[in-house]
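So you can see what is in the structure, the chains are spelled out below.
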Amino acid sequence: MCGIVGYVGPRNVPDVLLDGLRRLEYRGYDSAGIAVLQADDIAVCRRVGPVGKLIEAVSPELTGHTGIGHTRWATHGGVTEANAHPHMDGPERIAVIHNGIIENHQALRARLQEEGVVFRSETDTEVLPHLIRKLYRGDPLEAVRSALQLVQGTYGCAVVFLDHPGTIIAARNGSPLVLGKGNGESFLASDPHALAALTREVVYLEDRELVRITTKGWEITRLDGAKIDHAIHLLEEEWGSGDKGAYMHHMLKEIHEQPESLRRCLSGRVVPEEGGARLGGLDLSPREIVAIRRVGILGCGTSFHASLVGAHAMEQLARIPSFAEIASEFRYRNPLIEPDDLFFAVSQSGETADTMGAIKEVQVKGGRVMGIVNVVGSSIARTCGRGVYVHSGPEIAVASTKAFTSQVGALLVASLMFARTRALGPHEGKNFGEELLKVPDKVREYLDNPGPILKAVELLTSGKYVFFFGRGVSHAVAMEGALKLKEVAYVPCMSYPAAEMKHGPIALIDAKTPVVAVVPDDIMRDKTLSNVQEVRARGARVVVIHTEGDHEAGRLGDVAIAVPRAPSLISPLLTVLPMQLFAYHAGLALGRDIDRPRNLAKSVTVE
Ligand code: F6R
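Residues numbered from 1 in each chain as written. Predicted model: local features only at pLDDT ≥ 70, side-chain atom pairs only at ≥ 80, totals over all residues. Heavy atoms only, no water.

Caption draft 1: Molecular detail of the packing of helix H4 (residues 127-135) against helix H5 (residues 140-149). As a packed pair, H4 and H5 sit with axes 8 Å apart at the nearest point and diverge in direction by 120°. The angle between H4 and H5 places the two elements in the oblique class. In this structure, the crossing between H4 and H5 has a hand that is right-handed. Of H5, the residues touching H4 (which contributes Leu128, Leu131, Ile132 and Leu135) are Ala143, Val144, Ser146, Ala147 and Leu148. (Axes fitted to C-alpha atoms, helices over the stretch in contact; angles between N-to-C directions. Helix = DSSP H or I, 4+ residues; strand = E, 2+ residues; numbered from the N terminus. Parallel < 35°, antiparallel > 145°, perpendicular 65-115°, else oblique. Left-handed = near helix turned anticlockwise from the far one by under 90°. Contact = heavy atoms within 4.5 Å.)

Laid out in structure tokens, this is it:
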């Protein structure tokens, strides 16, 4: 979603801002802009469309040493240049960029309009520069503080004042901001990824904090005025550059990185010789693990699908009553939370507002919640305090692939650890651990020889819509397959537990309806194959994802794709791979913007 960059220092600010905005492109956006302080005015340039268009529009003669830049993902007001950020006050001496939503913007706008302020955009953000102007008495920090005290909603914002070259004021409430320290220069961004090439020393702002940033460093205060000091974090080098390498798209690269990303996630954590696993980040003693009465796993989208697999594993392997729930629903149903519950919040970005809301709901009720997160130092990781980093490395494509398999991997490791502490014998634990550790090689083996993917894609793109079904953990995989094909290729898809088809959805099956059936060789295989027969009898054309060597299952498909054998709970790590490839190749065949599908954002920081 929206991205923020800011810079004060000796470098030429347009170069730093435009480079930073390029690095934030993966988050999803529809317009971009920068504001650069000049001697007599603030130069603003904004464009609808990719950052490339903004780069073309910025005059090479534009130079300066203080500035802010923004990528906007429209919420209030259409995708127009007038709605793109930065926004300015009436006399154009203050420029503001903002991520998040000002919930009371209508009331504030009405009041400002009564006082004669003329608005130039439809955005909620524009109330900020006008409010700040109204409250400005010479001290920029205090003007922003006073304005934000009147604001309800979420913000990560940055403000520059013509009167104060060499200064940026920034503030955070519910929308991430990170400060970067350089030598006689300071950086600001909504995502450490934008700073990776500039500095490794960063500080994460917390909610309701404001900062005055200068070339010498920064001064952080709370919204109520209290001074704060935050420790410097070192960005991990392993996070890497996130470039496409030899691949045409980030998505394909990330699919092919799964053997390594899974190995990073599992290695050192699964300990077959002990028949168990170790996750130091959870910091749970055996006694505390034995005392857990219920596990809740919360996430959105793909992370929710990984949570579903995790809940199956927790219950089946560790024998702890478990459930997975979509975070945005959980937080608003006033859930009961007991002291002996344990929650996991699953998130690739670590910034998803809906998941963050669910975490806060657990915490407000005295519950324990731990993060299963990819981005180190992200808001969710820090808010949870304890948890597991999945170590996928940067995931740039909007559609999540390697983060899904690593999230499932981490949840399987946690399940094994809890299981071994509670009811699982050393022999069974060792077997499960060994099977887990074989997965990275099996993923490699599959990706080297993925089967008739293009034939399947031809079938999947030939109908009006596609059904995905499976049972047990394979239903979670079916949901993930349907989500991927929808978001990357814009093909309408539905997913159901296979047995549900006959309770209604089968009415939609007619001659040639494409169906994807996820049928690994597990306890649900025979029943799912009966469901395949039922749709075939009504004319459906079926792509069967089955276990290598299970020829009977393969024969039921118009297209059959075999994946290496694995125990049922581990099978999603393999059955999901063809799903990812279907989405990628269907997107390619239909000419979609694979890495940046329309309307989507990588980091969903609004509710
Ligand atoms: C789908 C996808 C989204 C995310 C969801 C949660 O490919 O990427 O559904 O999974 O927006 O995001 P995170 O995991 O960052 O919390």
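And the narrative resumes.
Caption draft 2: Layout of the site of the ligand. Every one of the 15 residues lining the ligand counts as a neighbour, but Ser303, Ser347, Ser349, Thr352 and Glu487 are closest to it. A distance of 3.3 Å separates an oxygen atom of the ligand from a polar atom in the backbone of Val398. Residue Glu487 places a side-chain N or O atom 2.4 Å away from an oxygen atom belonging to the ligand. For the ligand, whose free accessible area comes to 400 Å², the fraction covered by protein is 89%. Within the residue set of the shell around the ligand, elements represented by two or more residues are helix H9 (301-316) and helix H16 (473-489). Across the shell around the ligand, the residue classes tally to five nonpolar, eight polar and two charged. Each of domain 2 (250-448) and domain 3 (453-589) gives at least three residues to the shell around the ligand. (Near = heavy atom within 4 Å. Polar contact = N/O pair within 3.5 Å; in protein donor to acceptor, adjacent residues only side chain to side chain. Areas by Shrake-Rupley, 256 points an atom, 1.4 Å probe, with all protein chains shown as cover. Nonpolar A, V, L, I, M, F, W, Y, C, P; charged D, E, K, R; others polar. Domains from an automatic or database assignment.)

Caption draft 3: Main features of the domain arrangement of the chain. Taken domain by domain, the chain holds domain 1 (3-234), domain 2 (250-448) and domain 3 (453-589). With eight residues of domain 1 in contact, the opposing surface of domain 2 contributes ten residues. Three residues, Tyr26, Pro176 and Tyr204, lead the burial of domain 1 against domain 2; their summed loss comes to 52% of the area buried on that side. At the boundary of domain 1 with domain 2, the tally comes to two salt bridges. Across the pair Arg382 and Glu206 runs a salt bridge whose closest N-O atoms are separated by 2.6 Å. (Buried area = accessible area lost by both parts, 1.4 Å probe. Salt bridge = Lys/Arg side-chain N within 4 Å of Asp/Glu carboxyl O.)

Caption draft 4: Broad picture of the side chain of Thr575. Relative to the elements of secondary structure, Thr575 occurs in helix H19 (residues 572-589). Not counting residues within four places of it along the chain, the set of residues in contact with Thr575 comprises Val477, Val518, Pro520, Ile545 and Val563.

Caption draft 5: Layout of the pattern of salt bridges. Per the stated rule, a full pass over the model turns up 34 salt bridges. For Glu487, the salt bridge identified is with Lys484, shortest N-O distance 3.3 Å. In this pair, Glu487 and Lys484 are both assigned in helix H16, three residues apart and thus about one turn of the helix distant. Taking relative accessible area as the criterion, Glu487 reaches 15% and is therefore assigned buried. (Buried < 20%, exposed > 50% of the residue type's maximum accessible area, 1.4 Å probe, protein only.)

Caption draft 6: Examining the sheet that holds strand S22 (residues 387-389) more closely. Ordered in space as S19-S18-S20-S21-S22, the five strands form an open sheet in which the pairing is parallel. Two strands in the sheet have a free side with no partner beyond their single neighbour: strand S19 (322-326) and S22. Here the strands of the sheet are splayed against their neighbours by 20° on average, with no regard to which way each runs. Judged from the five bridges that link them, strand S18 (residues 294-299) and strand S20 (residues 341-347) form a sheet pairing that is parallel. Paired with Gly296 across the two strands is Phe343, which belongs to S20. The sheet strands contacting helix H13 (residues 402-422) are S18, S20, strand S21 (368-373) and S22, and the helix crosses S20 at an angle near 160°. (Pairing = 2+ DSSP bridges.)

Caption draft 7: Geometry of the packing of aromatic side chains. Enumeration over the complete set of coordinates arrives at seven aromatic pairs. Their ring planes at 35° and their centres at 6.2 Å tell us that Phe467 and Tyr496 sit as a pair that is tilted. With Phe467 in strand S23 (residues 466-470) and Tyr496 in strand S24 (residues 493-497), this pair connects stretches of sequence that are 29 residues apart. The exposure class assigned to Tyr496 is partly exposed, which follows from its relative accessible area of 27%. Counting every residue linked through ring pairs, the aromatic cluster contains Phe323, Phe330 and Phe343. The ring of Tyr490 carries Arg598 above its face, with NZ or CZ at 3.9 Å from the centroid. (Phe/Tyr/Trp six-rings, centres within 6.5 Å; stacked < 30°, edge-to-face > 60°. Lys NZ or Arg CZ within 6 Å of the ring centre and 35° of its normal.)

Caption draft 8: Region of the structure containing the layout of surface pockets. When its volume is computed, the largest pocket comes out at roughly 550 Å³. Forming the boundary of the largest pocket are 26 residues, of which Cys300, Gly301, Ala601, Lys602 and Val604 lie nearest the centre. Listing elements by their share of the lining of the largest pocket, those giving two or more residues are H9, S20, helix H11 (353-364) and H16. Considered class by class, the residues forming the lining of the largest pocket number ten nonpolar, eleven polar and five charged. The computed volume of the second largest pocket comes to approximately 350 Å³. (1 Å grid on protein atoms, 1.4 Å probe; cavity = no way out; pocket = protein on both sides within 12 Å on 5 of 7 lines; lining within 4 Å. Points joined across faces, edges and corners; volume = space filled by probe spheres on them.)

Caption draft 9: View of the side chain of Ser322. Among the structural elements, Ser322 can be located in strand S19. Of the polar contacts made by the side chain of Ser322, one reaches the backbone oxygen of Ile320; its length is 2.7 Å. Leave out the neighbours within four places in its chain, and Ser322 touches Val295, Ala311, Met314 and Glu315.

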